[in-house]
Amino acid sequence: MNEQAAVVSLRSVTKDFARGGVRALEEIDLDVRPREFISLIGPSGCGKSTLLRIIGDLVQPTAGEVVVNGKQAHQARLDRDYGIVFQDAVLYDWRTVAKNIALPLEMLGWDRERRSERVGEMVKLVELAGFEDHYPWQLSGGMQQRVSIARALAFDPPLLLMDEPFGALDEMTRERMNMELLRLWQESGSTIVFVTHSIAEAVFLSTRVVVLSPRPARITGVVDNDLPQPRNTDTREQERFFELVTEVRELLRTGDRSGEELRA
Amino acid sequence: MSTTVVQPVPRSFGRMMGRGARDWAPAIAIFVVGIALWEGLVRGLDVQRFLLPAPSEILRTFWDERDTLVSAGLFTFKEAVGGFLIGSAFAVLVALVLARWRPLGNALMPYAIAANAVPIIAFAPITNNWFGILSPASKMAIAAVIVFFPVMVNTLRGLTSVRPESVELMRSYAARERDIFRRVRIPTSLPYLFTGLKVATVLAMIGAIVGDYFGGSQEALGIQIRRSAGIFAFDEAWAAIFVASVLGIAFYGAVALAERVVLSWHPSVRGGRE
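All values reported here derive from a predicted model rather than from experimental measurement.

> For this particular structure, what's the right way to read the overall build of chain A?
Each helix and strand in chain A was counted, giving eight helices and ten strands. Whereas a compact globule of 264 residues would reach a radius of gyration of roughly 18 Å, chain A reaches 19 Å, a difference of no more than 12%. Here the C-alpha coordinates of chain A stretch approximately 60 × 40 × 35 Å along the principal axes. Looking at chain A as a whole, 49% of its 264 residues qualify as buried. Excluding contacts between residues fewer than 6 apart, the proportion of contacts in chain A whose partners are at least 24 apart in sequence is 71%.

> How do you make sense of the interface of chain B and chain A when you look at a structure like this?
How big an interface is tends to be expressed through the accessible area that disappears when the partners come together. Taken residue by residue, the interface counts 20 residues in chain B and 26 residues in chain A. The set of elements that each furnish at least two residues to the side of chain B that touches chain A consists of α7 (164-172) and α8 (177-213) of chain B. For the side of chain B that touches chain A, a count of residues per class yields eleven nonpolar, four polar and five charged.

> Quick question: what am I supposed to make of the sheet that holds strand β5 (residues 71-72) of chain A here?
One key point about sheets: their strands pair by backbone hydrogen bonds, in either a parallel or an antiparallel sense. All names here are of chain A. As summarised here, the arrangement of the four strands in space is β2-β1-β4-β5, forming an open sheet in which the pairing is antiparallel. Lying at the two open borders of the sheet, with one neighbouring strand each, are β2 (22-32) and β5. Sheet analysis places strand β1 (residues 8-17) next to strand β4 (residues 63-68), joined by five bridges and oriented antiparallel. Residue pairing for β4: R11 is matched across the bridge by E65.

> Just to check I follow, could you spell out the pairing of β4(A) for this structure?
Both faces of the sheet carry side chains from a regular strand, because those side chains alternate between them. Residues and elements named next belong to chain A. The sheet contact formed by β4 and β5 spans two bridges and is antiparallel. What sits directly across from V68, in β5, is K71. Connecting β4 to the next strand, β5, in antiparallel fashion are two residues, including N69 with a positive phi near 55°.

> Explain the sheet that holds strand β9 (residues 208-212) of chain A to me, please; I cannot follow it from the model alone.
Residues and elements named next belong to chain A. Pairing is mixed across the open sheet formed by six strands, whose spatial order is β6-β7-β8-β3-β9-β10. Every other strand in the sheet has two partners, leaving β6 (82-85) and β10 (219-224) as the edge strands with one partner each. For this sheet the average axis-to-axis angle between neighbouring strands, irrespective of direction, equals 15°. Across the face of the sheet, helix α5 (residues 141-153) comes into contact with β6 and β7 (159-163) while running at roughly 170° to β6.

> Quick question: what am I supposed to make of the pairing of β7(A) here?
Residues and elements named next belong to chain A. Burial runs high along β7: five of the five residues are buried. The two faces of β7 match: L159, L161 and D163 on one face and L160 and M162 on the other face are all buried. Bridge analysis of β6 against β7 gives four bridges, and the strand direction is parallel. Bridge pairing links V85 to M162 in β7. One ladder, built from five bridges, connects β7 with strand β8 (residues 191-196); its direction is parallel.

> Got a minute to help me understand the packing of helix α5 (residues 124-131) of chain B against helix α6 (residues 136-160) of chain B in this structure?
The relative placement of two packed helices is expressed as an angle between their axes plus a distance between the axes. Residue and element names in this part refer to chain B. Running from N to C, α5 and α6 cross one another at 135°; their axes reach a closest spacing of 8 Å. When the axis of α5 is compared with that of α6, the two are oblique. Crossing angle aside, the handedness with which α5 passes α6 is right-handed. Residues A124, T127, N128, W130 and F131 of α5 form the contact with α6, whose participating residues are A137, S138, A141 and I142. For the contact of α5 with α6, the per-class residue count stands at six nonpolar, three polar and no charged.

Rules used throughout
Residues numbered from 1 in each chain as written. Chains lettered and ligands numbered in written order. Predicted model: local features only at pLDDT ≥ 70, side-chain atom pairs only at ≥ 80, totals over all residues. Helix = DSSP H or I, 4+ residues; strand = E, 2+ residues; numbered from the N terminus. Rg over C-alpha atoms; globule rule 2.2 N^0.38 Å. Buried ≥ 20, exposed ≤ 12 C-beta atoms within 10 Å, placed from the backbone. Contact = placed C-beta atoms within 7 Å. Nonpolar A, V, L, I, M, F, W, Y, C, P; charged D, E, K, R; others polar. Pairing = 2+ DSSP bridges. Axes fitted to C-alpha atoms, helices over the stretch in contact; angles between N-to-C directions. Parallel < 35°, antiparallel > 145°, perpendicular 65-115°, else oblique. Left-handed = near helix turned anticlockwise from the far one by under 90°.

Structure representation (structure tokens):
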């Protein structure tokens, strides 16, 4: 695979936080190929979210190179190459569902007609038809997150960055949202980088699971996920699913141990 | 699909008022009881008139003097509104500048706080000297200065209390700083701004009336209160205070109403999850 083809290409990315001189990330190398669904998993506070923000040019790395769609991350952001979804839905309270979804389209300068047409499609895609004129506080947590996902997908970005998007949801809603996300991923053909600290979620969703060590985060290992597509509720009961879960769990433990050895 | 959804509250005016009547009932009851108690105590204990007149007497005096009092009230009210508008406009402007250029804000805030500790009302004789003792401008200046700080601080707090993710989201759309202000910071700040403005209405009235005390047109309400008290016509002073209170409440109510219209999206305005 040549580097041009990678959607995201990280080379020796290192991040030190100026305050307290804490090293968050150390020498991260990673290529994300088109249409991949990559999960970043690691203990909380290890720097997964920082890594995601570095890919999105929202945080600057101390050293290393970040290339998105063959461009510097900064240029990719200016070109609006990615949509982003946070743990909180981050909806704007003064905008209705429809207007929240339309926000990126306004920023792109789409006219009203084109916007409302696209919002109509997106609302159907995330199954919120009929709720266009509701305000965010009138929706449940799961519905709010669906609005947030619709907003991120509205302008068809080639890359979707998701920072524990279902972390605040209850288990049942979370599993249903996982199914919906897989459906959206297949329909939209986008590439996803997904931060989570749930092993089961990472294994269920992704094509590859990238396991990070405690701070400073290094890549402990990458698990290729050969679970068949499309995945469904049965996937979670397959033997291979449990094998992969075990594999990821052991890698997380290795990362922990190597950290302890370093400290010793 | 979870459907714990609240239907939009119909925003009919009648319904808003209907809910208002229910909410206000306890407050109105307390008002009625309070006035009745006042009236009863003054009559029962035979309190002397110049110490505390009964509400009925104050009302009678008001009615007898209504022409003078209302025109004096409106004269001072105009001073208060003028000062409110000038002070608030300037406060919002300064808050926007300080929120946009944070280092400047950090450099200036200590002085703003120190300036707020200055007893502004003591400057009334000085503004009289600057703008002319008979000119309403001198009272507007006092009201404007008093109003400035609470409006500025509240607006600045609103402009800067935006969730970091909201800004990151805008940056992911390659938004410029002015887009972030227009679409995120300013809407976020509006509930804070209105909190400041509501406080400001009352402060502006106080500023204008007390400003009058230091000399001004004979038409002004503060002058009326001072003169009535000077000649022991305390029922007249009370009637003037009554006029000032009614105008102050109306002023506050007008801003609160504007808040309801502007913040129609806000859960507190739309009745919350009913």
